[in-house]
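Inside the fold
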Amino acid sequence: MNILVFAESQHGAIKKSGLEAVTYAARTASQHQGTVTCLVAGVDENVASGLGAYGAHKVLKMESHPDALGLSDALSEAIAATQARLVVLAYDALGRHLAPRLSARLGAALISGASGLPEIQGDTLRVRKSVFSGKAFATLECSTPIKILAFSPNTLAPEKKEGTAEVVSFSPATRNSRIRVIKTEEKQGEVALPDAEIVVSAGRGLKGPENWGIVEDLAHALNAATACSRPVADIGWRPHHEHVGQTGLTVRPNLYIAIGISGAIQHLAGVNQSKVIVVINKDPEAPFFKAADYGIVGDAFEVVPRITEAVKKLKAGA
Amino acid sequence: MKILVCLSKVPDTTSKISFTDNNTRFNSQGVQYILNPSDEWYALVRAIELKEAKLAESVSAVMVGGAEDDALLRKAVAIGADTLYRINAQPMDAYSVARMLADFIKTQDFQLVLTGRETIDYNGGEVPALLAEMLGWELASPVNKLDIVEGKARMESELGALTQVLEADLPLVISAAKGMADQRIPNMWGIRNSRMAVIQVVEPQPVEPLVRFVNYELPPAKGQVKMIPADQPELLVDLLHNEAKVI
Ligand SMILES: Cc1cc2nc3c(=O)[nH]c(=O)nc-3n(C[C@H](O)[C@H](O)[C@H](O)COP(=O)(O)OP(=O)(O)OC[C@H]3O[C@@H](n4cnc5c(N)ncnc54)[C@H](O)[C@@H]3O)c2cc1C
Ligand SMILES: Nc1ncnc2c1ncn2[C@@H]1O[C@H](COP(=O)(O)O)[C@@H](O)[C@H]1O
């Protein structure tokens, strides 16, 4: 079975989600004697051939770096060129543009947000995904000739082995989106929340935006992203994109630290797939403790700075 | 300019999730349904605000669903929508829903189609880009702020640390996310209007779903939480490093 995988790049390097995608495709291929071809844009020859170490057999390398619409054109052409039967990509912001477009264009079934590797039997593919905002899992099935599998970022860690991939230059015909970008602002030095491995999150227990220093300090020490509960974003203490939960972003980091958040069901829905959850709350009855792996009943203003110091000491010693 | 808002129904956020028929079907017993929050709070309310600001002529709402969903769909009028359409089919997967929506949209003259960013039940977030592709329109997603300036859409889109200001000609599909508007509570007048609102029922061409739900499982119960004394927070760091191995 031929698998085509898309690996997103940024500033000349393959993003972590892209390495995850190649690993995901390689693991799937190894169960089914498949070949893995990877489409990349905006990287040099070395970076492209380096994807061999993650399990790509062949890399289609584009010189230009098109926008989402152009990338969907490139992928369509690559699917035809490689006669791919399965397309693998990360279901992140870009994947949400690409995967459904390909599905509609090719009449290919799309399973998005997969949270494990697929089982493939004959023409049928089955895979699990999280539904009801983390309150359940569903197994989905499809059997169209071409299938698109968009996994949730952080489903598996990139696996680097030996080897290089054959790199072929690829120049598909791509359109440009007519949507104009008037301005782009990138906050420097911040870890992006959707793909963060560690998230430090705080709620109304922090009392006011002026107190977020202790949250940011801990996040910096851990190289983590910051997040918040809904009311905190609603009152404008924190930007909207930090709001996690059922009506905000769903995150699944390795470590989620919740400070002064009560743990309402709608909040838990967005974070309960985190691998390890730490809850710091002065109320021993806070519902969040039921969902936690580690808990501290205490005042955030006293506890958090001491944790930050301990993290700094740990990192300095390491 | 006419706006169409796509509304889906989902279990209330506090619903207990369970399954029947050997875990092959969602158990809707005792479940209260609501309009998907991002469809209602952000997409619908912003569309209505644009109409109130005379930047849009009318706001229509559409749902792919059965007659049992009419009461929920009426809420859109209570909030301020003008026209309601129900595409008469049970939603089976995002592809078939988008196909029915696209077929309907092609028969109408909407210039702006708003959806929510994703539904809180199946968390697909697929319909917006499916629709854009099926209609041959551009897609802006996710959009946190929306204005109409000289007949063009002016938008802000936040992706992690990246914020973009975008401008697009119409027609356009937009997926609405937090920040676009605030939840509106219907007033008495709206509620009265909504009771009399006519729902135009559209019979779709049947569309085969491409994805089937085989079965469901509940996540395993969480183990016991390990409590750390508040006067020894350093212990937490030690455990996260040596036991959980996450830092
Ligand atoms: C339809 C719907 C959708 C929703 N979606 C979301 C969502 O997506 N995300 C979300 O987060 N919420 C959501 N909510 C809101 C949710 O129900 C809760 O209201 C919200 O999560 C509470 O936020 P909080 O924990 O920050 O505040 P609170 O509930 O006020 O909790 C503050 C906590 O801080 C603790 N505290 C106070 N002082 C200190 C201190 N000094 N040190 C340590 N701890 C302290 C308190 O004990 C308390 O537990 C939704 C609600 C509805 C109805
Ligand atoms: N049955 C439906 N009827 C109308 N619109 C829908 C339906 N299902 C989904 N949508 C729209 O598509 C968006 C994304 O849905 P989904 O791709 O299912 O997560 C929702 O927020 C709605 O705006």
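This paragraph deals with the sheet that holds strand β16 (residues 255-259) of chain A. With respect to topology, six strands assemble into an open sheet ordered β15(A)-β14(A)-β16(A)-β17(A)-β18(A)-β16(B), the strand pairing being parallel. In this open sheet, the two edge strands, each paired with only one partner strand, are β15 (225-228) of chain A together with β16 (226-227) of chain B. Pairing of strand β14 (residues 198-202) of chain A with β15(A) involves four bridges; the strand directions are parallel. Across the sheet, V200(A) pairs through a bridge with T226(A), a residue of β15(A). On the sheet, helix α8 (residues 300-317) of chain A packs against β16, β17 (276-281) and β18 (294-297) of chain A and is oriented at approximately 135° with respect to β17(A). Docked against the sheet, helix α6 (residues 234-242) of chain B engages β16, β17 and β18 of chain A together with β16 of chain B, running at close to 175° with respect to β18(A).

It is worth spelling out the interface of chain A and chain B at this point. Counting residues at the interface gives 86 residues for chain A, matched by 80 residues for chain B. Counting the surface chain A buries against chain B, the share from its top three residues, F132(A), I179(A) and Y294(A), is 11%. Between chain A and chain B we count 11 salt bridges in total. Note that E234(B) and R306(A) form a salt bridge whose closest N and O atoms lie 3.0 Å from each other.

Around ligand 1 there are 28 residues in total, and S229(A), S262(A), Q266(A), H267(A) and N281(A) lie nearest to it. Residues within reach of ligand 1 are spread across chains A and B. Contact between ligand 1 and V244(A): a nitrogen atom at 2.8 Å from a main-chain N or O atom of the residue. Protein chains bury 81% of the 980 Å² of accessible surface belonging to ligand 1 in isolation. Only α6 (230-234), α7 (265-271) and α8 of chain A provide two or more residues apiece to the shell around ligand 1. Tallied by class, the residues present in the shell around ligand 1 amount to seven nonpolar, 15 polar and six charged.

Under the counting rule described, the total for this entry stands at 37 salt bridges over all chains. For the salt bridge of E138(B) with R178(A), the shortest nitrogen-to-oxygen distance reads 3.6 Å. Of the two residues, E138(B) is situated in strand β9 (residues 138-143) and R178(A) in the loop between β12 (166-169) and β13 (180-186); the pairing between them involves two chains. Looking at R178(A), the relative accessible area reads 55%, which means it is exposed. We note a salt bridge from K183(A) to E185(A), for which the minimum N-O separation is 3.9 Å.

Residue and element names in this part refer to chain B. Pairing is parallel in the open sheet, where seven strands are placed in the order β9-β13-β8-β1-β6-β7-β14. At either end of the open sheet lies a strand with only one pairing partner, and these are β9 and β14 (199-202). On average, each strand axis in the sheet is tilted by 25° relative to the strand beside it, whichever way the strands run. Bridge count for β9 against strand β13 (residues 172-176) is four bridges, and the pairing is parallel.

Let us look at the confidence of the model for chain B. Per-residue confidence for chain B averages 96 on the pLDDT scale, and 100% of its residues sit at or above 70. Across the interface, the model reports ipTM at 0.94; the global pTM reads 0.94.

Next up on the list: the packing of helix α5 (residues 213-222) of chain A against α8(A). Helices that pack against each other are described as a pair by the angle of their axes relative to one another and the distance between those axes. Residues and elements named next belong to chain A. Interhelical geometry of α5 versus α8 gives an angle of 20° and a closest axis separation of 9 Å. As far as their axial angle goes, α8 and α5 are roughly parallel. In this structure, α5 meets α8 at a crossing whose hand is left-handed. Here I214, D217, L218, A221 and L222 of α5 come into contact with α8, specifically with A300, F301, V304, P305, I307, T308, V311, K312 and K315. For the contact of α5 with α8, a count of residues per class yields 10 nonpolar, one polar and three charged.

Now for the site of ligand 2. All names here are of chain B. Lining the immediate surroundings of ligand 2 are 20 residues, of which C6, D39, V64, G125 and E126 lie closest. One nitrogen or oxygen atom from the main chain of V64 is found 2.8 Å from a nitrogen atom belonging to ligand 2. Between G116 and ligand 2, the recorded distance is 2.9 Å, taken from a backbone N or O atom to an oxygen atom. Every element with two or more residues in the shell around ligand 2 is listed here: β6 (58-65), α3 (94-106), β8 (112-116) and α4 (127-135). For the shell around ligand 2, the element with the highest residue contribution is β6, accounting for three residues. Class assignment of the residues belonging to the shell around ligand 2 gives a composition of 10 nonpolar, seven polar and three charged.

Definitions and limits used
- Residues numbered from 1 in each chain as written.
- Chains lettered and ligands numbered in written order.
- Predicted model: local features only at pLDDT ≥ 70, side-chain atom pairs only at ≥ 80, totals over all residues.
- Heavy atoms only, no water.
- Pairing = 2+ DSSP bridges.
- Helix = DSSP H or I, 4+ residues; strand = E, 2+ residues; numbered from the N terminus.
- Contact = heavy atoms within 4.5 Å.
- Axes fitted to C-alpha atoms, helices over the stretch in contact; angles between N-to-C directions.
- Buried area = accessible area lost by both parts, 1.4 Å probe.
- Salt bridge = Lys/Arg side-chain N within 4 Å of Asp/Glu carboxyl O.
- Near = heavy atom within 4 Å.
- Polar contact = N/O pair within 3.5 Å; in protein donor to acceptor, adjacent residues only side chain to side chain.
- Areas by Shrake-Rupley, 256 points an atom, 1.4 Å probe, with all protein chains shown as cover.
- Nonpolar A, V, L, I, M, F, W, Y, C, P; charged D, E, K, R; others polar.
- Buried < 20%, exposed > 50% of the residue type's maximum accessible area, 1.4 Å probe, protein only.
- pLDDT = per-residue confidence, 0-100.
- Parallel < 35°, antiparallel > 145°, perpendicular 65-115°, else oblique.
- Left-handed = near helix turned anticlockwise from the far one by under 90°.

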